[in-house]
Amino acid sequence: MKKIFGAKKDKGPPPSIQDATERINKRGETVDEKIKKLDEELARYKEQIRKTRPGPSQEAIKARAIRLLKHKRMYEEQRNMLFNQTYNLDQVSFAADGLKDAQQTMNAMKAANKELKGMMKTVKIEDIDNMQDEMTDLMDVSNEIQETLGRSYNIPDDVDEEELMGELDALESDMEFESAAVPSYLQPETDFDADLNLPAAPTRPAAVPAGGQEDELGLPSVPRASIRS
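Let me begin by describing the structure that accompanies this report.

Parameters at a glance
Residues numbered from 1 in each chain as written. Predicted model: local features only at pLDDT ≥ 70, side-chain atom pairs only at ≥ 80, totals over all residues. Heavy atoms only, no water. Helix = DSSP H or I, 4+ residues; strand = E, 2+ residues; numbered from the N terminus. Buried < 20%, exposed > 50% of the residue type's maximum accessible area, 1.4 Å probe, protein only. Contact = heavy atoms within 4.5 Å. Areas by Shrake-Rupley, 256 points an atom, 1.4 Å probe, with all protein chains shown as cover. Axes fitted to C-alpha atoms, helices over the stretch in contact; angles between N-to-C directions. Parallel < 35°, antiparallel > 145°, perpendicular 65-115°, else oblique. Left-handed = near helix turned anticlockwise from the far one by under 90°. Core = buried A, V, L, I, M, F, W, Y, C linked by side-chain atoms within 4.5 Å. Salt bridge = Lys/Arg side-chain N within 4 Å of Asp/Glu carboxyl O. Patch = residues over 30% accessible without salt bridge, like charges linked within 9 Å, V, L, I, M, F, W, Y side chains within 5 Å.

1. Structural notes on the overall build of the protein
Item 1. Scanning the protein for helices and strands turns up six helices and zero strands.
Item 2. Beginning at the N terminus, the succession of helices and strands in the protein can be written as α-α-α-α-α-α.
Item 3. Split into buried and exposed, the 229 residues of the protein put 8% on the buried side.
Item 4. Long-range pairs, those at least 24 residues apart, make up 63% of the contacts in the protein between residues at least 6 apart in sequence.
Item 5. By element, 56% of the accessible surface of the protein is carried by carbon and sulfur atoms, the whole surface being about 22000 Å².

2. Topic: the side chain of T21
Item 1. You can see T21 is positioned in helix α2 (residues 17-51).
Item 2. Once you skip the residues sitting within four places of it in the chain, T21 turns out to touch T86, L89 and D90.

3. Comments concerning the packing of α2 against helix α3 (residues 56-122)
Item 1. It is at 8 Å that the axes of α2 and α3 come closest, and there the two elements cross at 160 degrees. What the angle tells us is that α2 and α3 run roughly antiparallel. In the packing of α2 onto α3, the handedness of the crossing is left-handed.

4. Some words on the nonpolar core
Item 1. Core analysis: the biggest nonpolar cluster contains 13 residues, and V31, Y45, L68 and Y75 have the highest contact counts within it.
Item 2. Sorting the residues of this core by element identifies α2 and α3 as the ones contributing at least two each.
Item 3. Top element by residues in this core is α2. It accounts for seven residues.

5. Observations regarding the environment of M81
Item 1. Note that M81 resides in helix α3.
Item 2. Linking M81 and G28, residues 53 residues apart in sequence, is a C-alpha distance of 9.3 Å.

6. A few points about the pattern of salt bridges
Item 1. Applying the stated criterion across every chain yields a total of four salt bridges.
Item 2. Two residues, D39 and K72, come together in a salt bridge whose shortest N-O distance is 2.6 Å. Pair noted here: D39 is in helix α2 and K72 is in helix α3, with a separation of 33 residues, a long-range link.
Item 3. A residue is classified by how much of its surface remains accessible, and D39, at 32% relative accessible area, is partly exposed.
Item 4. A salt bridge links R50 to E47; its shortest N-O distance comes to 2.3 Å. In this pair, R50 and E47 are both assigned in helix α2, three residues apart and thus about one turn of the helix distant.

7. A short note on a nonpolar patch on the surface
Item 1. Together, V123, I125, I128, M131, M135 and L138 line one region of the surface with nonpolar side chains, adding up to about 580 Å² of accessible area.
Item 2. Tracing the backbone shows V123 in the loop between α3 and α4 (125-149).

Here you go:
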């Protein structure tokens, strides 16, 4: 049967959007080359029409130019159609890329969600609350231990504060009495002249010059004025 009707050919994978886009772009480049050649020929015909006098020759050149213009418009329509197809393929490609990105995002979120669920199984709120309570109890016990170790062994706990203040006042009175009972010769020396702001004592008079006389107090006598004749 296969020899009579022939075997079915295996269909290959369908062309991708990128393959279709590249094929259409190549066709568009071919059409652009044809339009460019027609423009060059039309430019030559236009120059010939300008140089040719009106008549049958000029009309023949115009007919050729019109025929080329028709071909050019046909190619331009084909190029516009190919551009539209390329635009549509670009839109489809953009949508496909967006869906791929969304799919990858969803896969990443699913993996993260699964990982979080596994972590939540190992961490429980009740365990955290119990740990906090245990830490609070341990801190209280630690504070009690520190207070116990810092307790003084010489000071009784049942001391009256008013009694202590009375002893402090009595101690201050004893210190004032002891300070007043110290004899003057044991107290530190003070400069009485400086305290009283008294003037300094006079210095000894200068020595009497040779040949001078002194009075009964040891002071130099004032010479008497010479008597003039």
